[in-house]
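# Descriptive analysis of the structure
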Amino acid sequence: MRNARRRRTEKPRLAMTPMIDVIFNLLIFFLLTPVLRGPEGYLTTNLPREWGQGPGPSAPEWVKVELVERGASGGEVEIVFDGRRVLPDFRALEAELRGLRARGLAPDYPILIAPTAGVRHKWVVRAFDAITAARFRKICFAVPGTRDERKGRMAS
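Now for a look at the structure at hand. The residue numbers shown here count from 1 along each chain, following its written sequence. Restriction of local features to residues with pLDDT of at least 70 applies here, the model being predicted, together with a cutoff of 80 or more for giving and counting side-chain atom pairs; totals for whole chains, interfaces and linings are based on all residues. No hydrogens and no water enter the side-chain calculation; it runs on all heavy atoms of the structure.

Moving on: the nonpolar core. In summary, soluble globular proteins display a tendency toward joint burial of nonpolar side chains. Take the buried Ala, Val, Leu, Ile, Met, Phe, Trp, Tyr and Cys residues and link them wherever side-chain atoms come within 4.5 Å; each set so joined is a nonpolar core. Under the scheme applied here, a residue whose accessible area is under 20% of the maximum for its type counts as buried, over 50% as exposed, and between as partly exposed, the area being computed with a 1.4 Å probe on protein chains only. The biggest cluster of nonpolar side chains holds 25 residues, and the ones touching the most others in it are Leu67, Phe81, Phe90, Leu93, Leu97 and Ile113. Elements that contribute at least two residues to this core include exactly β1 (63-70), β2 (76-81), α3 (90-102), β4 (111-115), α4 (121-133) and β5 (139-141). Numbering goes from the N terminus for both helices and strands, where a helix is a DSSP run of H or I of at least four residues and a strand is a run of E of at least two. With six residues, α4 is the largest single contributor of residues to this core. In this analysis, two residues are considered to be in contact whenever any of their non-hydrogen atoms come within 4.5 Å of each other. Setting aside its immediate chain neighbours within four residues, Phe90 contacts Leu67, Val77, Ile79, Trp123, Arg126, Ala127 and Ala130.

Below you can see the structure in the form of structure tokens.
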């Protein structure tokens, strides 16, 4: 009975050493695990600053790749190459551009990617990938809009 009373009167002690060890281990873990990387998918580009109507080119100064939304959801895209031909896919776009390079078009010749307003970003990136795969270095982007709006801006 005396032992039972003695146990009740003793205050429980908190062992601080294991708790400090755990805190230091967590601190070391969280300091060493983060991986510091640069921003993913960062493309250095010169985008147009505004929608204003500028002077249109007198002669074609670039090869134009238009991306036109097909369907209401934007799940598909139509590729219009240089205002004349509709290409079936991005491999055909790359083949056309490689053909231009083989005929002597310089790698610094500007290629303009002109999407309509409903075209998803992934299609613009795929067009960009096809153009860089064809070894062109100067890639420009048009402000997204409807196809008719762009014709009006370019023609004036």
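What follows picks up the thread again.
Before going further, it helps to spend a moment on α3. The span you would expect from a helix comes to 1.5 Å times its residue count less one. Helix length check: α3, at 13 residues, gives a terminal C-alpha distance of 18 Å against a target of 18 Å (1.5 Å per residue), a fit within 8%. Burial in α3 covers these residues: Phe90, Ala92, Leu93, Leu97 and Leu100. All buried residues of α3 fall inside an arc of 155° around its axis, so they share one side. Exposed side chains of α3 directed beyond 90 degrees from the buried face belong to Arg91 and Ala102. The directions considered for the arc run from the helix axis to the C-beta atoms.

What follows concerns the sheet that holds strand β3 (residues 85-87). Any two strands are treated as partners once DSSP identifies two or more bridges connecting them. Taken in spatial order, the five strands make up an open sheet running β3-β2-β1-β4-β5, and their pairing is mixed. The sheet terminates laterally at β3 and β5, the two strands that pair on one side only. Averaged over all adjacent pairs, the angle separating strand axes in this sheet is 25°, with direction ignored. To get an axis, a line is fitted to the C-alpha atoms, and for a helix only the part in contact is used. The angle between two axes follows their N-to-C directions and goes from 0 to 180 degrees. On top of the sheet, α3 reaches β1, β2, β3 and β4; it is set at about 15° to β2, its chief contact. Each of β1, β2, β4 and β5 touches α4; the most contacted strand, β4, lies at about 165° to it.

Moving on: the pattern of salt bridges. Here, a salt bridge means any Lys or Arg side-chain nitrogen found within 4 Å of an Asp or Glu carboxyl oxygen. With the rule as written, the count across this model stands at five salt bridges. A salt bridge links Glu76 to Arg70; its shortest N-O distance comes to 3.8 Å. Ionic pairing is found between Arg85 and Glu96, a salt bridge with its closest N-O pair at 2.3 Å. Of the two residues, Arg85 sits in strand β3 while Glu96 sits in helix α3, which places them 11 residues apart along the sequence. Overall, Arg85 belongs to the partly exposed group, its relative accessible area being 40%.

Another aspect to go through is the packing of aromatic side chains. Paired rings are identified among Phe, Tyr and Trp, the last through its six-membered ring, by centres lying within 6.5 Å, and are further divided according to the angle between planes into stacked (under 30 degrees), edge-to-face (over 60) and tilted (the rest). Taken as a whole, this structure holds three aromatic pairs when the rule is applied. Ring plane angle 75° and centroid distance 5.1 Å describe the contact between Phe29 and Phe30, whose orientation is recorded as edge-to-face. Taking relative accessible area as the criterion, Phe30 reaches 55% and is therefore assigned exposed. For the pair Phe128 and Phe141, a centre-to-centre distance of 6.1 Å together with 15° between the ring planes defines the contact as stacked. Linking Phe128 in helix α4 with Phe141 in strand β5, this pair joins segments that are 13 residues apart in sequence. Neither Phe128 nor Phe141 differs from the other in exposure class; each is buried. Over the ring of Phe136 we find Arg101; its NZ or CZ atom is 5.8 Å from the centre of that ring. Working rule: Lys NZ or Arg CZ, within 6 Å of ring centre, within 35 degrees of ring normal, means a charge sits over the ring.

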